[in-house]
Amino acid sequence: MRATVRVPASVANLGPGFDILALALQVQNEVIATATDGGVVTLEIEGGDEDADLRDPAHNLVVRGYLESCERLGIADSERGVHLRCLNAIPVARGLGSSAAATLSGVLVAVALHRAPWDERAILECATSFEGHQDNLAAALMGGLVICAPGATVQRIDAPDELHAVVFAPNQRLTTREARQAVPQQFSREDAIFNAARCALLVRAVVLADWAALREAMDDRWHQPQRAALLPAMASLLEAAYQGGADGACLAGAGPSVMALCAHDPEPVAAALQATADELGMPGVVLRLRPRNFGARVEVRV
């Protein structure tokens, strides 16, 4: 039996939406999983910036997601044999949900090959239990803009067709753990109200395609100012995005990438981000993407 799993990138936090809002994007990883005899998991990697951890089955998150799901499903060790061919297009450790995409891919491989009766909620619960970032995982699984409220069912809405996402992904890497340590455990009442209000404004702006309201809606006091010390180029890149005509801009996930949203020609925004990165001596790549209103896809051949 063979399963092909395709899982998109995602950007979480979205300005004020720390651990709450995430958006799926039109770039994806693909895993081709072929069931094998003997219970051994083998791994083949293409892409992924030559990251050594990706090639080590003990650290690879596709493998971990697969084995964790098999454990929960009660699949015997002798029946877990699989060859995983991973085609990676999502930049690693850049704030584009590469860890979530890998973890979710492994879970979906297990569900497909072992015909598990798991629904979206069960898949998401399993992946979140050890990957930890429900916002990225939900966007990757469901597509669109997702809203993750603690204790409530994840909700999603479609992103308008005219929306573009321009991402500057520097060669620099930043782990989520490093970035999260910069965020305080508590916030003032004033800052909590500020961000809660802007989350509401941001969802409204997307639903109504009110792009003139997006810049104000994406203002934040919870995580971006605190992470600026780790990412000194962030403020310059965000300002460049706005100078280039972006309707909204934010740190992508935990960084170090930044993402600009616009409902018009994205080329001036891309050019402004590239020019500023060049001035700062910051190597990287500008990605011109679209939001993706469908999530992970699985094809199975017997």
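The following paragraphs examine the structure supplied in this document. Just so you know, these numbers come straight off a predicted model, no measurement behind them.

Turning next to a nonpolar patch on the surface. A surface patch of nonpolar side chains, about 290 Å² in accessible area, is lined by Val298, Val300 and Val302. Structurally, Val300 can be placed in strand S11 (residues 297–301). Owing to a relative accessible area of 43%, Val300 belongs among the partly exposed residues under this scheme.

Now for the packing of helix H2 (residues 98–113) against helix H4 (residues 134–142). At a minimum axis distance of 9 Å, the contact between H2 and H4 shows a crossing angle of 55 degrees. The orientation of H2 with respect to H4, classified from their angle, is oblique. The handedness of the crossing between H2 and H4 is right-handed. Along its contact with H2, which presents Ala100, Leu104 and Leu108, the element H4 presents Asn136, Leu137, Ala140 and Leu141.

Along the chain, Arg94 falls in the loop between strand S4 (82–88) and H2. Looking at Arg94, its side chain comes within polar contact range of the main-chain oxygen of Pro170, at 2.7 Å. A polar contact is formed between the side chain of Arg94 and the backbone oxygen of Asn171, at a distance of 3.5 Å.

What follows concerns the side chain of Thr276. You can see Thr276 is positioned in helix H10 (residues 267–279). Classification of Thr276 as buried rests on a relative accessible area of 14%. In this structure, Thr276 is in contact with Ser236, Leu237 and Ala240, ignoring residues within four places of it in sequence.

The subject of this paragraph is the environment of Gly74. Tracing the backbone through its elements, the reader meets Gly74 in the loop between helix H1 (61–73) and S4. Separated by 143 residues in sequence, Gly74 and Ala217 have C-alpha atoms that sit 46 Å apart.

Overall, the coordinates contain 1 aromatic pair when judged by the stated rule. Over the ring of Phe194 we find Arg221, and its NZ or CZ is 3.9 Å from the ring centre.

Parameters at a glance
Residues numbered from 1 in each chain as written. Predicted model: local features only at pLDDT ≥ 70, side-chain atom pairs only at ≥ 80, totals over all residues. Heavy atoms only, no water. Patch = residues over 30% accessible without salt bridge, like charges linked within 9 Å, V, L, I, M, F, W, Y side chains within 5 Å. Areas by Shrake-Rupley, 256 points an atom, 1.4 Å probe, with all protein chains shown as cover. Salt bridge = Lys/Arg side-chain N within 4 Å of Asp/Glu carboxyl O. Helix = DSSP H or I, 4+ residues; strand = E, 2+ residues; numbered from the N terminus. Buried < 20%, exposed > 50% of the residue type's maximum accessible area, 1.4 Å probe, protein only. Axes fitted to C-alpha atoms, helices over the stretch in contact; angles between N-to-C directions. Parallel < 35°, antiparallel > 145°, perpendicular 65-115°, else oblique. Left-handed = near helix turned anticlockwise from the far one by under 90°. Contact = heavy atoms within 4.5 Å. Polar contact = N/O pair within 3.5 Å; in protein donor to acceptor, adjacent residues only side chain to side chain. Phe/Tyr/Trp six-rings, centres within 6.5 Å; stacked < 30°, edge-to-face > 60°. Lys NZ or Arg CZ within 6 Å of the ring centre and 35° of its normal.

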